[in-house]
Amino acid sequence: MGNNGKPWLNNSGCPDPTAYAAINNVRKEENQHIDEAAHKVITAIKSILDIAGFELVGRIQIKHRKSGKIYK
């Protein structure tokens, strides 16, 4: 799907709103799963610090390798 940087067009150059909407929904779900995973990772890090008798004094920043999105 996609034509000259216009993802709403199919390979023939015709608008394909159904496929475009479906692909966008899948992308949103994938991003939601990544966001949830990042939250779990940060929560786990904070729990480990607490169990070990440490406290966090700065901001945690992690980066998703595939998307490049940074979580704080």
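Residues numbered from 1 in each chain as written. Predicted model: local features only at pLDDT ≥ 70, side-chain atom pairs only at ≥ 80, totals over all residues. Heavy atoms only, no water.

Undergrad: Describe the overall build of the protein, naming the residues involved and giving the relevant values.
TA: When helices and strands are tallied, the protein shows one helix and two strands. Helices and strands appear in the protein in the N-to-C order α-β-β. Across its three principal directions, the C-alpha atoms of the protein cover 60 × 20 × 15 Å. Residues counted as buried form 10% of the 72 residues belonging to the protein. Contacts spanning at least 24 positions in sequence make up 16% of the contacts within the protein whose residues lie at least 6 apart. Summing over all exposed atoms, the protein offers an accessible surface of approximately 6100 Å²; the carbon and sulfur share of this is 54%. Here the protein contributes 11 positively and 7 negatively charged side chains, and the mean placements of these two sets differ by 8 Å. (Helix = DSSP H or I, 4+ residues; strand = E, 2+ residues; numbered from the N terminus. Buried < 20%, exposed > 50% of the residue type's maximum accessible area, 1.4 Å probe, protein only. Contact = heavy atoms within 4.5 Å. Areas by Shrake-Rupley, 256 points an atom, 1.4 Å probe, with all protein chains shown as cover. Lys, Arg positive; Asp, Glu negative; His and termini not counted. Charge placed at Lys NZ, Arg CZ, Asp CG, Glu CD.)

Undergrad: Outline the pattern of salt bridges, supporting the account with residue identities and numerical values.
TA: Opposite charge on two side chains allows them to pair when their charged atoms are near. Across all of its chains, the model carries one salt bridge by this definition. Where Asp35 meets Lys69, a salt bridge forms, and the shortest distance between an N and an O atom there is 3.2 Å. Taken together, the residues Asp35 in helix H1 (residues 17-51) and Lys69 in the loop between strand S1 (62-63) and strand S2 (70-71) connect sequence positions 34 residues apart. In this structure Lys69 comes out as partly exposed when scored by relative accessible area, which is 39%. (Salt bridge = Lys/Arg side-chain N within 4 Å of Asp/Glu carboxyl O.)

Undergrad: Quick rundown of the nonpolar core? Include the residues and the values.
TA: In this structure, Ile34, Ala38, Ile42, Ile60 and Tyr71 together form the largest nonpolar core, which totals five residues. In terms of residues, this core owes the most to one element, H1, which gives three residues. For Ile42, the contacting residues outside a window of four places in its chain are Ile60, Ile62, Tyr71 and Lys72. (Core = buried A, V, L, I, M, F, W, Y, C linked by side-chain atoms within 4.5 Å.)

Undergrad: Tell me about the confidence of the model for the protein, and name the residues and values.
TA: When pLDDT is averaged across the protein, the result is 90; 94% of the residues are at 70 or more. Model confidence for the protein, summarised as mean pLDDT per element, is weakest for H1 at 93 and strongest for S1 at 96. (pLDDT = per-residue confidence, 0-100.)

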